[in-house]
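# Coordinate inspection notes
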Amino acid sequence: QQPVQSPQAVILREGEDAVINCSSSKALYSVHWYRQKHGEAPVFLMILLKGGEQKGHDKISASFNEKKQQSSLYLTASQLSYSGTYFCGTHNYGQNFVFGPGTRLSVLP
Amino acid sequence: EAGVTQSPTHLIKTRGQQATLRCSPISGHTSVYWYQQALGLGLQFLLWYDEGEERNRGNFPPRFSGRQFPNYSSELNVNALELEDSALYLCASSQQEGRTILTDTQYFGPGTRLTVL
């Protein structure tokens, strides 16, 4: 079952913040976040495995709620290099690994 | 350290033919994953191989198949090609071993663009 991502697209000015959400109707084993720039392969950002977990590096962080049904990716003080499509990948209990439809992020100068 | 490599870069086939795509994982990685990314669409999980065995399979027809060799490289075969099989096929590898749940980082290759005419 494909997770739901929101928003579908977001446009920011450099320095602004953004939040991308990924949710499932069922509890998840894991949530993976990747960024893909146009014409390039996806690049790993982070994986969350535990309910209530928060992770981050530089100005990109993510959380996994206690029920393990929702994850949010936080981008603070966005830079031009943050532009791309962000995918969350989820693994449900008894299901296949599946990526969400993606959130297209555009950061303008 | 060399990354994930895929060949060929581009592949053009006609409807009904067979396509074979190849992937070499990062040295030391035993798991290989295959994804389909149609133009403008997201990543669709195809197959996961680990230690030579198929661990998981996405919702694709049986004409999509593959295998993993003793050196952990992998092949994806698509039989009886259809127009809608045209897509970028991405391979990824990780150190994930012997588990059924994806918990490790996947490193993606540059992809093979398959065009079916």
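Presented here is a report on the structure given in the accompanying data block.

Moving on: the overall build of chain A. Counting its secondary structure elements, chain A contains 0 helices and 11 strands. In terms of overall size, chain A behaves like a compact globule, its C-alpha atoms giving a radius of gyration of 13 Å where 109 residues would be expected to give roughly 13 Å. Considering only C-alpha atoms, chain A reaches an extent of 45 × 25 × 20 Å along its principal axes. Taken across its 109 residues, chain A has 47% of its residues classed as buried. Considering only contacts within chain A whose residues lie at least 6 apart along the sequence, 55% involve residues at least 24 apart. Accessible surface, chain A as shown: approximately 5,300 Å² in total, 50% of it carbon and sulfur. Chain A carries 10 positive and 7 negative side-chain charges, and their two centres are separated by 8 Å.

Residue and element names in this part refer to chain B. Tallying each qualifying case throughout the model produces 7 salt bridges over all chains. The partner of Arg 63 in a salt bridge is Asp 85, and the shortest N-O contact between them spans 2.7 Å. Taken as a pair, Arg 63 in the loop between strand 6 (53-57) and strand 7 (64-68) and Asp 85 in the loop between strand 8 (74-78) and strand 9 (87-94) lie far apart in primary sequence, 22 residues in all. Comparing Arg 63 with Asp 85 shows no difference in burial state: the two are buried.

Definitions and cut-offs
Residues numbered from 1 in each chain as written. Chains lettered and ligands numbered in written order. Predicted model: local features only at pLDDT ≥ 70, side-chain atom pairs only at ≥ 80, totals over all residues. Heavy atoms only, no water. Helix = DSSP H or I, 4+ residues; strand = E, 2+ residues; numbered from the N terminus. Rg over C-alpha atoms; globule rule 2.2 N^0.38 Å. Buried < 20%, exposed > 50% of the residue type's maximum accessible area, 1.4 Å probe, protein only. Contact = heavy atoms within 4.5 Å. Areas by Shrake-Rupley, 256 points an atom, 1.4 Å probe, with all protein chains shown as cover. Lys, Arg positive; Asp, Glu negative; His and termini not counted. Charge placed at Lys NZ, Arg CZ, Asp CG, Glu CD. Salt bridge = Lys/Arg side-chain N within 4 Å of Asp/Glu carboxyl O.

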